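# Breakdown of the fold
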Amino acid sequence: MLVTRTYLELRAPDAFAPALGDFPDVTIERVAHPSPDLYRHLYRGVGEAYHWRDRWDWTDEEIRAHLVQPEITLHVAHRGGGAAIAGWYELRRVPEDGSVEIAYFGLMPDAIGRGLGKHLLSCAVRDAWALGAARVWLHTCTLDHPAALPNYVNRGFVAYKKEEYEVDL
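Residues numbered from 1 in each chain as written. Predicted model: local features only at pLDDT ≥ 70, side-chain atom pairs only at ≥ 80, totals over all residues. Heavy atoms only, no water.

### With respect to the environment of L42
Note the following rule: Only DSSP runs of H or I reaching four residues or more are called helices, and only runs of E reaching two or more are called strands; each is numbered from the N terminus. Contact between two residues is taken to exist if any of their heavy atoms lie within 4.5 Å; hydrogens are not considered.
Looking at where L42 falls in the secondary structure, it is placed in helix α1 (residues 36-47). Discounting chain neighbours no more than four positions away, the residues touching L42 are G47, L74, V76, I85, W88 and M108.

The structure is reproduced here in structure tokens:
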């Protein structure tokens, strides 16, 4: 299957069009020391439907080595007083150019369709700028949820690169 990956960026905070919603039962927290089990649950829970496979089989040691990097921060959205995970994002500071990548972002299947994606993305962008980013960037592809790309564009992200590649599903 031919897949198109699109890279998008925000070059200035004033280009960002936040869409913070009213979600009184949702809290978003930065998880300082996430366990491999939590990371695996987040990655697979969101990514399974979109064919995220690059980290699918990571061992606990590989996950720990990734998460201990000072450039990586993990943020989890909880619903209902923390009882259920609604979504998450992973930010990666890129020291070479001062940017921050929204490396992973998504909602658990039961949280889709409630407007929470706009809110969570707005929080991710806010947190990326708070890290001192020179620019904020991410990528999406045609395997992602159909609302992903419109959400990014509606928040002010602009495409700067596209590439195509083959995937065996």
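### Here's the deal with the packing of aromatic side chains
Two aromatic rings, taken as a pair, are described by how far apart their centres are and by the angle between their planes. Basically, it comes down to this: Aromatic rings from Phe, Tyr and Trp, with only the six-membered ring used for Trp, were paired whenever their centres fell within 6.5 Å, and each pair was classed as stacked if the ring planes differed by under 30 degrees, edge-to-face if by over 60, and tilted otherwise. Partly exposed residues are those whose accessible area sits between 20% and 50% of the maximum for their type, while under 20% is buried and over 50% is exposed, using a 1.4 Å probe and protein chains only. Put simply, a charge is over a ring when the Lys NZ or the Arg CZ is close to the ring centre, within 6 Å, and near the line of the ring normal, within 35 degrees.
Applying the stated rule across the entire model yields 10 aromatic pairs. Plain terms: the ring middles of Y43 and Y104 are 5.5 Å apart, the flat faces sit at 65 degrees to each other, and that makes the pair edge-to-face. Taken together, the residues Y43 in helix α1 and Y104 in strand β5 (residues 99-107) connect sequence positions 61 residues apart. Since its relative accessible area comes to 11%, Y104 is described here as buried. Between the aromatic rings of Y152 and F157, the centroid separation amounts to 6.2 Å while the plane-to-plane angle is 70 degrees, which identifies the pairing as edge-to-face. With respect to burial, Y152 and F157 carry one shared label: buried. Here a set of aromatic residues connected by ring pairs shows up, and it is made of Y39, Y43, W52, W88 and Y104. The residue whose ring lies beneath R44 is W56, and the NZ or CZ to ring-centre distance is 4.6 Å.

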